[in-house]
Amino acid sequence: MKNENVRNLSIEVLSNNWYTLNKLHFEYLTKNGEWQSQQREAYDRGNGATILLYNKQAKTVILTKQFRAPTYINGNETGMLIETCAGLLDKDNPEDCIKKETQEETGYQLSEVTKVFESYMSPGSVTEIVHFFIAEYTEGMKINDGGGLEDEQEEIEVLELNIDDALQMIKTGEIKDGKTIMLLQYIRLEGIL
């Protein structure tokens, strides 16, 4: 699946600290038939998975709240962000990853999850594909308090919210995370909650 409009691609590593920042050099064939030299920076943090836990009977969802430094330096006064449970795949497949992350972050142990779609979240600068899941939860599935892993410097608050309240929080700006907005709207549009 090679794009014939791209040639002479080279990748220069600019930083390989927390994740990898690459500078891409390539030529792109424009609509007028000319080859144009272009450069872009692309941040490679690996691929991820996210999940929205929902309870049909209670009409609730499980979300998390944690400090996100990039939002703090871009207008989020507290840096605290409400979002769906998520994590990087590392070497796991998406389904195994999200089951593990769900238990670590929320304390719920899932046996079944449903993949609903996948998405590039910021394709102009980040290579990541996020795999989106949903799963029904009950109180009987809670095996601990969650909160994340201390060795990953996670300090996660688990929130159980009424679905209508969560959707309203998008309108008020209390929920600004893209993956969370997508999954909340998905379960409403699909008639799940």
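Since the structure is predicted, the reported quantities are computational estimates derived from the model, not experimental observations. (Residues numbered from 1 in each chain as written. Predicted model: local features only at pLDDT ≥ 70, side-chain atom pairs only at ≥ 80, totals over all residues. Heavy atoms only, no water.)

A. Spatial organisation of helix 3 (residues 163–172). Considered for burial, the residues of helix 3 that qualify are Ile163, Ala166, Leu167, Met169 and Ile170. End-on, the buried residues of helix 3 take up no more than an arc of 150 degrees, which puts them together on one face. Where helix 3 is buried, its residues contact strand 5 (60–67), strand 6 (80–83), strand 10 (157–162) and helix 4 (178–189). The N-capping residue of helix 3, defined by a side-chain oxygen 2.7 Å from the backbone nitrogen of aspartate 164, is asparagine 162. One or two positions beyond helix 3, positive phi appears at glycine 173, with a value near 90 degrees. (Buried < 20%, exposed > 50% of the residue type's maximum accessible area, 1.4 Å probe, protein only. Helix = DSSP H or I, 4+ residues; strand = E, 2+ residues; numbered from the N terminus. Arc of directions from axis to C-beta. Contact = heavy atoms within 4.5 Å. Polar contact = N/O pair within 3.5 Å; in protein donor to acceptor, adjacent residues only side chain to side chain.)

B. Summary view of helix 2 (residues 94–106). Relative to the 18 Å expected for 13 residues at 1.5 Å per residue, helix 2 spans 17 Å between its end C-alpha atoms, a close match to the ideal helical length. Of the positions making up helix 2, those classed as buried are Pro94, Cys97, Ile98, Lys99, Glu101, Thr102, Glu104, Glu105 and Thr106. If you follow the buried residues of helix 2, they end up packed against strand 4 (48–55), strand 5, strand 7 (85–88), strand 9 (129–136) and strand 10. Here helix 2 starts with a cap whose side-chain oxygen sits 3.1 Å from the backbone nitrogen of glutamate 95, and that cap is asparagine 93. Just past helix 2, the residue glycine 107 takes up positive phi, approximately 90 degrees. (Expected span 1.5 Å × (residues − 1).)

C. Spatial organisation of the packing of aromatic side chains. Scanning the entire structure with this criterion turns up six aromatic pairs. Between tyrosine 108 and tyrosine 137 the ring centres are 5.1 Å apart and the planes differ by 65 degrees, which places this aromatic pair in the edge-to-face class. Note that tyrosine 108 is positioned in the loop between helix 2 and strand 8 (114–120) and tyrosine 137 in the loop between strand 9 and strand 10, a separation of 29 residues in sequence. A relative accessible area of 2% places tyrosine 108 in the buried class. Judged by its relative accessible area of 0%, tyrosine 137 falls in the buried class. One aromatic cluster is present, formed by Trp18, Tyr19 and Tyr43 through successive ring pairs. Across the ring face of tryptophan 35, the terminal group of arginine 7 is positioned such that the distance to the ring centre comes to 4.0 Å. (Phe/Tyr/Trp six-rings, centres within 6.5 Å; stacked < 30°, edge-to-face > 60°. Lys NZ or Arg CZ within 6 Å of the ring centre and 35° of its normal.)

D. Highlighting the pairing of strand 1 (residues 6–16). Of the strand pairs in this sheet, strand 1 and strand 2 (residues 20–29) are connected by eight bridges, and their pairing is antiparallel. Its bridge partner lying in strand 2, valine 13 is registered against asparagine 22. Between strand 1 and strand 2, which pair antiparallel in sequence order, lie three residues. (Pairing = 2+ DSSP bridges.)

E. Broad picture of unusual backbone geometry. Not every positive phi belongs to a glycine, and asparagine 8 is a case in point at roughly 55 degrees. Within the secondary structure layout, asparagine 8 lies in strand 1. The class for asparagine 8 is exposed, based on a relative accessible area of 56%. The backbone of aspartate 90 sits at a positive phi, close to 50 degrees, despite the residue not being glycine. With respect to the element layout, aspartate 90 can be found in the loop between strand 7 and helix 2.

F. Representation of the packing of helix 3 against helix 4 in the model. At a minimum axis distance of 10 Å, the contact between helix 3 and helix 4 shows a crossing angle of 135 degrees. With respect to helix 4, the element helix 3 is oriented oblique. In the packing of helix 3 onto helix 4, the handedness of the crossing is left-handed. Mapping the contact onto sequence places Ile163, Asp164, Ala166, Leu167 and Ile170 in helix 3 and Ile181, Leu184, Gln185, Ile187 and Arg188 in helix 4. Of the residues belonging to the contact of helix 3 with helix 4, the class tally is seven nonpolar, one polar and two charged. (Axes fitted to C-alpha atoms, helices over the stretch in contact; angles between N-to-C directions. Parallel < 35°, antiparallel > 145°, perpendicular 65-115°, else oblique. Left-handed = near helix turned anticlockwise from the far one by under 90°. Nonpolar A, V, L, I, M, F, W, Y, C, P; charged D, E, K, R; others polar.)

These figures capture arrangement, not role.
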